[in-house]
Amino acid sequence: MPELPEVETLVRELRPYITGRRIDHVILRWPGCVVTPSPRAFVRRMKGRVIQEVSRRGKFLRFVLDQGSWLVHLKMTGRLLLLSAFEPDPYARADFILDDGRILRFQDLRKFGRLYWVADPERIFRQLGPEPLDPQFRPEDLARRLAGRRGRLKALLLDQSVLAGIGNIYADEALWRARLHPMRPAASLNGEEIQRLWEGIREALLAGLRHHGTTIQWYRRLEGGSGEHQRYLKVYGRAGQPCWRCGTPVVRQVLQGRSAYFCPVCQR
Ligand SMILES: [Zn+2]
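All figures in this text were calculated on a predicted structure; none of them were measured in a lab.

Basis of the calculations
- Residues numbered from 1 in each chain as written.
- Predicted model: local features only at pLDDT ≥ 70, side-chain atom pairs only at ≥ 80, totals over all residues.
- Heavy atoms only, no water.
- Donors = N, O, S within 2.8 Å, 3.2 Å for Na, K, Ca; no water.
- Tetrahedral: all angles 85-135°; square planar, octahedral: opposite > 155°, others 65-115°.
- Helix = DSSP H or I, 4+ residues; strand = E, 2+ residues; numbered from the N terminus.
- Buried < 20%, exposed > 50% of the residue type's maximum accessible area, 1.4 Å probe, protein only.
- Phe/Tyr/Trp six-rings, centres within 6.5 Å; stacked < 30°, edge-to-face > 60°.
- Lys NZ or Arg CZ within 6 Å of the ring centre and 35° of its normal.
- Lys, Arg positive; Asp, Glu negative; His and termini not counted.
- Salt bridge = Lys/Arg side-chain N within 4 Å of Asp/Glu carboxyl O.
- Polar contact = N/O pair within 3.5 Å; in protein donor to acceptor, adjacent residues only side chain to side chain.
- Contact = heavy atoms within 4.5 Å.

Student: Even after reading the chapter, I still don't get the coordination of the zinc ion, so can you show me in this structure?
Tutor: Binding of the zinc ion to the protein goes through Cys243 (SG), Cys246 (SG), Cys263 (SG) and Cys266 (SG), at separations of 2.3 to 2.4 Å. Metal-centred angles of 100 to 124 degrees between the four donor atoms at the zinc ion mark the site as tetrahedral. In primary-sequence terms, the residues that donate to the zinc ion follow C-x2-C-x16-C-x2-C. A residue pair is termed long-range when its members are at least 10 positions apart, and cysteine 246 in the loop between helix H7 (191-210) and strand S10 (251-255) and cysteine 266 in the segment after strand S11 (258-262) qualify at 20 residues. In this structure cysteine 246 comes out as partly exposed when scored by relative accessible area, which is 37%. Relative accessible area serves as the criterion here: at 15%, cysteine 266 is assigned to the buried category.

Student: Can you help me understand the packing of aromatic side chains in this one?
Tutor: Pairs of aromatic rings are described using the distance from one ring centre to the other and the angle between the two planes. Considering all chains together, one arrives at six aromatic pairs under this definition. Where phenylalanine 42 meets phenylalanine 96, the ring centres are 6.4 Å apart and the plane angle is 80 degrees; that geometry is what we call edge-to-face. Placement of the pair is phenylalanine 42 in helix H2 (residues 39-46) and phenylalanine 96 in strand S7 (residues 92-98), with a sequence separation of 54 residues. Judged by relative accessible area, which is 0%, phenylalanine 96 ranks as buried. Pairing phenylalanine 63 with tryptophan 70 gives two aromatic rings, centres 4.3 Å apart and planes at 25 degrees, and the pair type is stacked. Of the residues examined, phenylalanine 63 reaches a relative accessible area of 0% and is grouped as buried. By relative accessible area, which is 0% here, tryptophan 70 ends up buried. These aromatic residues form a ring-pair network of at least three members: Phe42, Phe63, Trp70 and Phe96. When the ring centre of tryptophan 176 is taken as origin, the NZ or CZ atom of arginine 245, which lies over that ring, is 3.9 Å away.

Student: Sorry, what's going on with the side chain of glutamate 6 here?
Tutor: With respect to the helices and strands, the residue glutamate 6 is situated in helix H1 (residues 4-18). Buried and unpaired, glutamate 6 has no salt bridge, with lysine 59 as the nearest side chain of opposite charge at 8.4 Å. Among the polar contacts made by the side chain of glutamate 6, one reaches the main-chain amide nitrogen of threonine 214 at a distance of 2.8 Å. Leave out the neighbours within four places in its chain, and glutamate 6 touches Tyr170, Gly213, Thr214 and Tyr219.

Student: How should I be thinking about the pattern of salt bridges in this particular structure?
Tutor: Opposite charge on two side chains permits pairing when their charged atoms draw close. With the rule as written, the count across this model stands at 20 salt bridges. Here aspartate 24 ties to arginine 22 by a salt bridge, and the two come within 2.8 Å at their closest N and O atoms. We note a salt bridge from arginine 196 to glutamate 192, for which the minimum N-O separation is 3.1 Å. Placement of the pair is arginine 196 and glutamate 192 together in helix H7, with a separation of four residues, close to one helical turn. Since its relative accessible area comes to 15%, arginine 196 is described here as buried. Counted as one network, the salt bridges with shared partners bring together Glu8, Arg12, Arg56, Arg57 and Glu131.

Written out as C-alpha coordinates, the structure reads:
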(Lines give C-alpha, C1' and ligand atoms only; values in the text may rest on other atoms or scores of the structure.)
Protein backbone atom coordinates (compact mmCIF):
# COMPACT_ATOMS: atom_id res chain seq x y z
CA MET A 1 0.00 0.00 0.00
CA PRO A 2 1.34 3.46 -0.80
CA GLU A 3 2.40 5.19 2.42
CA LEU A 4 3.38 8.76 3.24
CA PRO A 5 6.50 8.93 1.01
CA GLU A 6 4.71 7.44 -2.00
CA VAL A 7 1.65 9.67 -1.67
CA GLU A 8 3.82 12.74 -1.06
CA THR A 9 5.88 11.90 -4.17
CA LEU A 10 2.68 11.80 -6.23
CA VAL A 11 1.52 15.12 -4.78
CA ARG A 12 4.82 16.79 -5.68
CA GLU A 13 4.73 15.34 -9.17
CA LEU A 14 1.09 16.30 -9.73
CA ARG A 15 1.43 19.88 -8.51
CA PRO A 16 3.07 21.53 -11.56
CA TYR A 17 0.76 19.77 -14.03
CA ILE A 18 -2.63 20.16 -12.49
CA THR A 19 -2.63 23.33 -10.39
CA GLY A 20 -5.06 25.73 -12.06
CA ARG A 21 -6.43 23.08 -14.43
CA ARG A 22 -10.17 22.68 -14.91
CA ILE A 23 -11.83 19.25 -14.88
CA ASP A 24 -13.86 19.30 -18.10
CA HIS A 25 -15.24 15.76 -18.01
CA VAL A 26 -15.45 12.89 -15.57
CA ILE A 27 -15.82 9.32 -16.79
CA LEU A 28 -16.69 7.16 -13.81
CA ARG A 29 -16.16 3.58 -14.93
CA TRP A 30 -16.63 1.88 -11.57
CA PRO A 31 -19.05 3.79 -9.32
CA GLY A 32 -18.16 1.59 -6.33
CA CYS A 33 -14.96 3.60 -5.78
CA VAL A 34 -16.93 6.69 -4.70
CA VAL A 35 -17.55 6.91 -0.96
CA THR A 36 -19.36 10.22 -0.84
CA PRO A 37 -21.61 11.75 -2.17
CA SER A 38 -23.53 9.35 -4.47
CA PRO A 39 -21.62 8.42 -7.65
CA ARG A 40 -23.93 10.57 -9.76
CA ALA A 41 -23.55 13.55 -7.43
CA PHE A 42 -19.77 13.01 -7.35
CA VAL A 43 -19.56 13.40 -11.12
CA ARG A 44 -21.76 16.50 -10.96
CA ARG A 45 -19.65 18.02 -8.16
CA MET A 46 -16.35 17.35 -9.93
CA LYS A 47 -17.25 18.45 -13.44
CA GLY A 48 -16.16 21.98 -14.26
CA ARG A 49 -14.19 22.43 -11.04
CA VAL A 50 -10.82 24.16 -11.05
CA ILE A 51 -8.01 22.46 -9.11
CA GLN A 52 -6.44 25.14 -6.95
CA GLU A 53 -3.96 23.08 -4.98
CA VAL A 54 -2.83 19.52 -4.28
CA SER A 55 -1.68 18.35 -0.87
CA ARG A 56 -1.52 15.29 1.35
CA ARG A 57 -2.87 14.34 4.76
CA GLY A 58 -1.77 10.92 5.99
CA LYS A 59 -2.24 8.61 3.03
CA PHE A 60 -4.96 10.80 1.46
CA LEU A 61 -4.35 13.02 -1.55
CA ARG A 62 -6.35 16.19 -1.32
CA PHE A 63 -7.23 18.31 -4.34
CA VAL A 64 -8.54 21.68 -3.23
CA LEU A 65 -11.18 22.72 -5.77
CA ASP A 66 -12.87 26.07 -6.34
CA GLN A 67 -15.79 24.36 -4.61
CA GLY A 68 -15.05 21.69 -2.01
CA SER A 69 -12.25 19.12 -2.04
CA TRP A 70 -11.58 15.91 -3.89
CA LEU A 71 -9.91 13.21 -1.76
CA VAL A 72 -8.23 10.07 -3.06
CA HIS A 73 -7.12 7.10 -0.97
CA LEU A 74 -5.14 4.62 -3.07
CA LYS A 75 -5.37 1.73 -0.56
CA MET A 76 -3.74 -1.47 -1.92
CA THR A 77 -3.37 -1.10 -5.67
CA GLY A 78 -4.71 2.32 -6.58
CA ARG A 79 -2.66 4.53 -8.89
CA LEU A 80 -3.02 8.03 -10.24
CA LEU A 81 -1.57 8.35 -13.71
CA LEU A 82 -1.29 11.40 -15.92
CA LEU A 83 -1.81 10.53 -19.57
CA SER A 84 -1.34 12.80 -22.55
CA ALA A 85 -3.72 10.74 -24.69
CA PHE A 86 -6.45 8.22 -24.08
CA GLU A 87 -5.34 4.61 -23.81
CA PRO A 88 -7.59 1.65 -23.04
CA ASP A 89 -7.03 0.08 -19.63
CA PRO A 90 -9.20 -2.61 -18.01
CA TYR A 91 -8.31 -1.28 -14.55
CA ALA A 92 -9.20 2.36 -15.20
CA ARG A 93 -11.92 3.15 -12.63
CA ALA A 94 -12.29 6.88 -13.32
CA ASP A 95 -10.86 9.36 -15.83
CA PHE A 96 -10.71 13.10 -15.22
CA ILE A 97 -10.23 14.96 -18.48
CA LEU A 98 -8.47 18.26 -17.91
CA ASP A 99 -8.83 21.45 -19.93
CA ASP A 100 -5.36 21.01 -21.44
CA GLY A 101 -6.39 17.62 -22.88
CA ARG A 102 -4.46 15.54 -20.36
CA ILE A 103 -6.22 12.72 -18.56
CA LEU A 104 -5.79 12.14 -14.85
CA ARG A 105 -6.63 8.47 -14.47
CA PHE A 106 -7.53 6.60 -11.30
CA GLN A 107 -6.50 3.02 -11.94
CA ASP A 108 -7.08 0.23 -9.45
CA LEU A 109 -6.61 -3.49 -9.97
CA ARG A 110 -8.19 -4.70 -6.73
CA LYS A 111 -10.81 -1.96 -6.29
CA PHE A 112 -10.02 -1.04 -2.69
CA GLY A 113 -9.08 2.57 -3.55
CA ARG A 114 -11.62 5.26 -2.73
CA LEU A 115 -12.65 8.71 -4.00
CA TYR A 116 -14.52 11.39 -2.06
CA TRP A 117 -15.92 14.81 -2.79
CA VAL A 118 -16.42 16.72 0.45
CA ALA A 119 -17.26 20.28 1.34
CA ASP A 120 -15.04 20.09 4.41
CA PRO A 121 -12.26 17.45 4.52
CA GLU A 122 -11.60 18.11 8.21
CA ARG A 123 -14.55 15.86 8.98
CA ILE A 124 -12.40 12.98 7.67
CA PHE A 125 -8.97 14.31 8.61
CA ARG A 126 -9.75 14.92 12.24
CA GLN A 127 -9.72 11.15 12.81
CA LEU A 128 -6.02 11.14 11.86
CA GLY A 129 -3.05 11.58 14.19
CA PRO A 130 -0.35 14.19 13.55
CA GLU A 131 1.89 14.32 10.49
CA PRO A 132 5.26 12.83 11.49
CA LEU A 133 7.20 15.14 9.13
CA ASP A 134 5.48 18.29 10.38
CA PRO A 135 8.22 20.48 11.95
CA GLN A 136 5.88 21.02 14.89
CA PHE A 137 5.78 17.30 15.63
CA ARG A 138 8.34 16.86 18.42
CA PRO A 139 9.52 13.83 20.47
CA GLU A 140 7.31 15.07 23.34
CA ASP A 141 4.28 14.75 21.07
CA LEU A 142 5.21 11.18 20.22
CA ALA A 143 5.68 10.43 23.93
CA ARG A 144 2.25 11.87 24.65
CA ARG A 145 0.62 9.82 21.89
CA LEU A 146 2.15 6.58 23.16
CA ALA A 147 1.72 7.26 26.88
CA GLY A 148 -0.74 4.92 28.51
CA ARG A 149 -1.29 2.93 25.31
CA ARG A 150 -1.48 -0.81 25.84
CA GLY A 151 -0.48 -1.77 22.30
CA ARG A 152 2.78 -2.94 20.81
CA LEU A 153 4.96 -0.56 18.85
CA LYS A 154 4.36 -1.95 15.39
CA ALA A 155 0.57 -2.01 15.80
CA LEU A 156 0.53 1.54 17.16
CA LEU A 157 2.70 2.87 14.33
CA LEU A 158 0.20 1.43 11.86
CA ASP A 159 -2.74 3.02 13.67
CA GLN A 160 -3.59 6.14 11.63
CA SER A 161 -5.18 7.81 14.65
CA VAL A 162 -1.81 7.67 16.47
CA LEU A 163 0.32 8.95 13.57
CA ALA A 164 -0.82 9.59 10.01
CA GLY A 165 0.79 8.08 6.95
CA ILE A 166 2.82 5.09 8.19
CA GLY A 167 2.19 1.55 6.90
CA ASN A 168 3.99 -1.78 6.99
CA ILE A 169 7.15 -0.79 5.14
CA TYR A 170 8.04 2.41 7.00
CA ALA A 171 6.95 1.03 10.39
CA ASP A 172 9.54 -1.76 10.03
CA GLU A 173 12.15 0.64 8.69
CA ALA A 174 11.56 3.14 11.51
CA LEU A 175 11.80 0.46 14.21
CA TRP A 176 15.08 -0.85 12.76
CA ARG A 177 16.54 2.65 12.75
CA ALA A 178 15.34 3.14 16.34
CA ARG A 179 16.73 -0.28 17.41
CA LEU A 180 13.35 -1.20 18.90
CA HIS A 181 11.58 -4.54 18.67
CA PRO A 182 8.20 -4.38 16.88
CA MET A 183 6.51 -6.20 19.78
CA ARG A 184 7.78 -3.86 22.50
CA PRO A 185 4.88 -2.57 24.63
CA ALA A 186 4.68 1.13 23.79
CA ALA A 187 4.30 2.04 27.45
CA SER A 188 7.72 0.49 28.24
CA LEU A 189 9.77 3.06 26.28
CA ASN A 190 12.01 5.43 28.20
CA GLY A 191 12.77 8.99 27.12
CA GLU A 192 15.87 8.07 25.16
CA GLU A 193 14.00 5.33 23.30
CA ILE A 194 11.18 7.73 22.43
CA GLN A 195 13.77 10.11 21.02
CA ARG A 196 15.27 7.29 18.92
CA LEU A 197 11.83 6.26 17.67
CA TRP A 198 10.99 9.85 16.72
CA GLU A 199 14.24 10.10 14.76
CA GLY A 200 13.77 6.64 13.24
CA ILE A 201 10.29 7.49 11.98
CA ARG A 202 11.43 10.74 10.42
CA GLU A 203 14.59 9.31 8.89
CA ALA A 204 12.75 6.32 7.43
CA LEU A 205 10.08 8.53 5.86
CA LEU A 206 12.57 11.12 4.57
CA ALA A 207 14.72 8.40 3.01
CA GLY A 208 11.66 7.00 1.23
CA LEU A 209 10.74 10.45 0.00
CA ARG A 210 14.28 11.14 -1.24
CA HIS A 211 14.05 8.01 -3.42
CA HIS A 212 10.53 8.81 -4.70
CA GLY A 213 8.90 6.00 -2.74
CA THR A 214 9.18 2.22 -2.59
CA THR A 215 7.95 0.02 -5.43
CA ILE A 216 7.57 -3.54 -4.22
CA GLN A 217 4.84 -4.55 -6.63
CA TRP A 218 2.30 -1.99 -7.50
CA TYR A 219 3.20 1.58 -6.61
CA ARG A 220 4.00 3.78 -9.60
CA ARG A 221 4.91 7.42 -9.93
CA LEU A 222 2.70 9.82 -11.86
CA GLU A 223 4.09 9.00 -15.27
CA GLY A 224 4.29 5.27 -14.64
CA GLY A 225 7.89 4.87 -13.41
CA SER A 226 8.91 3.02 -10.24
CA GLY A 227 10.17 4.48 -7.01
CA GLU A 228 13.77 3.62 -6.07
CA HIS A 229 13.63 3.17 -2.32
CA GLN A 230 13.24 -0.64 -2.52
CA ARG A 231 16.99 -0.70 -3.23
CA TYR A 232 17.75 1.09 0.04
CA LEU A 233 15.46 -0.69 2.50
CA LYS A 234 17.10 -1.68 5.79
CA VAL A 235 14.91 -4.62 6.79
CA TYR A 236 11.61 -4.69 4.90
CA GLY A 237 11.61 -7.61 2.45
CA ARG A 238 15.14 -8.63 3.49
CA ALA A 239 14.43 -11.84 5.46
CA GLY A 240 17.57 -14.00 5.68
CA GLN A 241 19.87 -11.21 4.52
CA PRO A 242 22.40 -9.71 6.95
CA CYS A 243 21.42 -6.78 9.14
CA TRP A 244 23.24 -3.67 7.88
CA ARG A 245 24.30 -2.89 11.43
CA CYS A 246 25.33 -6.21 13.02
CA GLY A 247 25.29 -8.86 10.27
CA THR A 248 22.64 -11.08 11.91
CA PRO A 249 20.13 -12.42 9.38
CA VAL A 250 16.95 -10.31 9.30
CA VAL A 251 13.87 -12.29 10.32
CA ARG A 252 10.29 -12.06 9.20
CA GLN A 253 7.71 -13.01 11.78
CA VAL A 254 3.96 -12.82 11.80
CA LEU A 255 3.08 -10.85 14.92
CA GLN A 256 -0.54 -10.19 15.83
CA GLY A 257 -1.56 -11.22 12.33
CA ARG A 258 0.87 -8.87 10.57
CA SER A 259 4.28 -9.65 9.19
CA ALA A 260 7.23 -7.71 10.59
CA TYR A 261 10.83 -7.66 9.42
CA PHE A 262 13.43 -6.93 12.09
CA CYS A 263 16.89 -7.77 13.38
CA PRO A 264 16.56 -10.15 16.35
CA VAL A 265 19.86 -8.92 17.84
CA CYS A 266 19.93 -5.16 17.61
CA GLN A 267 16.20 -4.49 17.99
CA ARG A 268 15.28 -4.85 21.65
ZN1 LIG B 1 21.24 -6.09 13.68
